[in-house]
Amino acid sequence: MGIKVEFNPDLALRNIVEFKESRRKIEECIPENLKSGEIYSFLKQDQRNYWLHGEIPLIETEGNEILSRPKASIIIQEATHFISSGKIYTRGFYKVIKVINDDDIHFECFDPVGLRK
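Please read these numbers as outputs of a predicted model, since none were measured by experiment.

A.B. asks: Hey, could you run me through the side chain of lysine 44 in this one?
C.D. replies: As for its position among the elements, lysine 44 is in strand β3 (residues 39-45). Here alanine 12 takes part through its backbone oxygen, which lies 2.5 Å from a polar atom of the side chain of lysine 44. Once you skip the residues sitting within four places of it in the chain, lysine 44 turns out to touch Leu11, Ala12, Leu13, Tyr50, Tyr89 and Thr90.

A.B. asks: I tried to follow the nonpolar core on my own but got confused; where do I start?
C.D. replies: Generally speaking, soluble globular proteins have nonpolar side chains that are buried together. Formed by 14 residues in total, the largest nonpolar core has its most connected members in Leu11, Leu34, Leu58, Ile74 and Tyr94. Residue assignment for this core shows that the elements contributing at least two residues are β2 (11-13), β3, β5 (56-63), β7 (72-84) and β8 (87-99). Contacts of leucine 34, omitting those with residues within four sequence positions, involve Tyr40, Leu58, Lys71, Ala72, Tyr94, Val96 and Val99.

A.B. asks: Please explain the environment of histidine 81 as it appears in this structure.
C.D. replies: Within the secondary structure, histidine 81 is located in strand β7. When residues no more than four places from it in sequence are discounted, the contact partners of histidine 81 are Gln47, Arg48, Asn49, Tyr89 and Thr90. Here arginine 48 takes part through its backbone oxygen, which lies 2.8 Å from a polar atom of the side chain of histidine 81.

A.B. asks: When you look at the packing of aromatic side chains in this model, what are you seeing that I'm missing?
C.D. replies: Pairs of aromatic rings are described using the distance from one ring centre to the other and the angle between the two planes. Per the counting criterion, the structure on display carries four aromatic pairs. Taking the centre distance of 5.5 Å and the plane angle of 20° together, the rings of phenylalanine 82 and tyrosine 89 count as stacked. Its relative accessible area of 22% is what places phenylalanine 82 among the partly exposed residues. Through a chain of ring-to-ring contacts, the aromatic side chains of Tyr40, Phe42, Tyr50 and Tyr94 assemble into a single cluster. Just above the ring of phenylalanine 82 sits the side chain of arginine 91; from NZ or CZ to the centre is 4.0 Å.

A.B. asks: What is the right way to look at the side chain of serine 73 in this model?
C.D. replies: You can see serine 73 is positioned in strand β7. For serine 73, the side chain forms a polar contact with the side chain of glutamate 55, separated by 2.3 Å. Once residues lying within four places of it in the same chain are set aside, the contact partners of serine 73 are Glu55, Ile56, Lys95, Val96, Ile97, Lys98, Ile100 and Phe107.

Calculation rules
- Position labels on residues start from 1 in each chain and follow its written sequence.
- Only residues with pLDDT of at least 70 get local features here, since the model is predicted, and only at 80 or more are side-chain atom pairs given and counted; chain-wide, interface and lining totals rely on the full set of residues.
- With hydrogens and water stripped out, all remaining heavy atoms of the structure feed into the side-chain values.
- Helix and strand assignments come from DSSP, with helices taken as H or I runs of at least 4 residues and strands as E runs of at least 2, each series counted from the N terminus.
- We call two N or O atoms a polar contact when they sit within 3.5 Å, provided that within protein one can donate a hydrogen and the other can accept it, with sequence-adjacent residues counted only if both atoms are side-chain atoms.
- It only takes one pair of heavy atoms within 4.5 Å for two residues to be counted as in contact.
- Remark: nonpolar core denotes a set of buried residues (Ala, Val, Leu, Ile, Met, Phe, Trp, Tyr, Cys) joined through side-chain atoms within 4.5 Å.
- For every residue, the accessible area obtained with a 1.4 Å probe (protein chains only) is divided by the maximum for its type, and the residue is called buried under 20%, exposed over 50%, and partly exposed between those limits.
- Aromatic contacts are taken between Phe, Tyr and Trp rings whose centres are within 6.5 Å, Trp giving its six-membered ring; a plane angle under 30 degrees counts as stacked, one over 60 as edge-to-face, and the others as tilted.
- Placement of a positive charge over a ring is assigned whenever Lys NZ or Arg CZ falls within 6 Å of the ring centre and within 35 degrees of the normal to the ring plane.

Distances and angles like these do not, on their own, reveal function.
Right, dumping it as structure tokens:
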């Protein structure tokens, strides 16, 4: 038996419709009016590790690894693991650096475009 931990190169949250239709908590969804400079909370099931030392993409997930292109460039400011009703969760806060509203390429691997030398 081992410790199950998932390493995530991005933060994948659900569409806000999932909250509006009472299928998810608001922290599990991308806010409706995402704004640069704002700080938002997130909640993910399972024990997850995120890179905390720079920008990562915020993406939308439909589940089953069906993922969108980046919706924003964010910095995870805090991630904490906890147990509730026998299940492990990761919750925390992220700051939106830049909202992305196009299909251009904004990341090279884990770096925002233009930062690599």
